[in-house]
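# Coordinates in review
Here is how the chains run, residue by residue.
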Amino acid sequence: MKIIDTHSHIYTADFDGDIATIIANAHSKGVTHILMPNIDLQSIQRLHNVSEQFAGVCLPMMGLHPTEVKDDWQDVLAQMRPLFEQRKYVAVGEVGMDLYWDTTFAQEQAAAFKQQLQWAKELGLPVSIHSRNAHSQTMDCLRQMADPQLVAVMHSFGGTADELDEILSMPNLYVGINGVATFKNSGLREVLKNADLQRIVVETDAPYLTPAPFRGKRNEPAHCSLIVNQLADVFGLSPQEVARITTQNACRVFGVKCADV
């Protein structure tokens, strides 16, 4: 069984003491690649360091996380944009909108999101989208930037059946499923029953959203196997078949060579 963790922050300080063990644990559970989205200017060097230390396994993205969008967002993006000419990234990410904690910079978030969507269109890259308490605003931005070639993953999906239907009505949108699917009160299992597995990728969002039965502990890419098992139960398939389909989906979205997995 081979799995791709399509969204993980293992370059953060949470993993400074045992990053090599984390990678080994992931391999032992069949995780062949770990895709790492950027957060802000300060996280870039850490992101690059881990992607270089584990080249070919840890694959970086570049973008500005919506909760980090402030008054200076244009200056920040102006510093990030040239990086795409300097090294290879598998996606633009983590970008989007987050109105859960604070709505002060809602307009700036939307503007920064659309600018980074434009990058993806120019560069021919997929997008890893963060959307929290901002489904309608996120979808509005996507429609305004509509392009049949633009491919994106709605990272950490945990919404309603109607929201899922709206996302999947756009043919190049996928959903990233993580530990939330294992939470008893999330309701996500029921929502996913009518989803198309061909539009789902697996992720951890490590070190966050640790799946049951390890909630309260640090998450890690090895736990992708627990997400696969949960999806297998939802769709009535074997874990091997779920891993095969979701891994092929990840290869298709992010340009990872399927021969590698």
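Before reading further, recall that the structure is shown in the block above.
What you see is a predicted model; the values in this text were computed from it and never measured.

Pairing is parallel in the open sheet, where five strands are placed in the order 4-5-6-7-8. Unpaired on one side and paired on the other, strand 4 (92-98) and strand 8 (200-202) mark the two borders of the sheet. Mean inter-strand twist for the sheet, computed between neighbouring axes without regard to direction, equals 30°. Judged from the three bridges that link them, strand 6 (residues 152-154) and strand 7 (residues 173-177) form a sheet pairing that is parallel. Among the inter-strand pairings, alanine 152 is bridged to a residue of strand 7, identified as leucine 173. Lying over the sheet, helix 7 (residues 161-168) contacts strand 6 and strand 7, oriented at roughly 135° with respect to strand 7. Sitting on the sheet, helix 9 (residues 224-235) is in contact with strand 7 and strand 8, with an inclination near 150° to strand 8.

Further remarks concern the sheet that holds strand 2 (residues 31-36). The strand order across the open sheet formed by three strands is 1-2-3, and the pairing between neighbours is parallel. With one partner strand each, in any of the chains shown, strand 1 (3-5) and strand 3 (58-60) form the two edges of the open sheet. Looking at each pair of strands side by side, their axes are set apart by 20° on average, direction ignored. Both strand 1 and strand 2 contribute to a ladder of three bridges, which runs parallel. Of the residues in strand 2, the one forming a bridge with aspartate 5 is isoleucine 34. Each of strand 2 and strand 3 touches helix 1 (residues 19-28); the most contacted strand, strand 2, lies at about 130° to it. On the sheet, helix 2 (residues 44-53) packs against strand 2 and strand 3 and is oriented at approximately 140° with respect to strand 3.

Before going further, it helps to spend a moment on the packing of helix 3 (residues 73-80) against helix 5 (residues 106-123). Where helix 3 contacts helix 5, the axes come no closer than 11 Å and their chain directions differ by 20°. Classified by the angle between their axes, helix 3 and helix 5 sit roughly parallel to one another. Between helix 3 and helix 5 lies a crossing of right-handed hand. Here helix 3 contributes Trp73, Leu77 and Met80 to the contact with helix 5, which in turn contributes Glu108, Ala111, Ala112, Gln115, Gln116 and Trp119. When the residues that make up the contact of helix 3 with helix 5 are grouped by side-chain class, the tally is six nonpolar, two polar and one charged.

Cut-off values and rules
- Residues numbered from 1 in each chain as written.
- Predicted model: local features only at pLDDT ≥ 70, side-chain atom pairs only at ≥ 80, totals over all residues.
- Heavy atoms only, no water.
- Pairing = 2+ DSSP bridges.
- Helix = DSSP H or I, 4+ residues; strand = E, 2+ residues; numbered from the N terminus.
- Axes fitted to C-alpha atoms, helices over the stretch in contact; angles between N-to-C directions.
- Contact = heavy atoms within 4.5 Å.
- Parallel < 35°, antiparallel > 145°, perpendicular 65-115°, else oblique.
- Left-handed = near helix turned anticlockwise from the far one by under 90°.
- Nonpolar A, V, L, I, M, F, W, Y, C, P; charged D, E, K, R; others polar.

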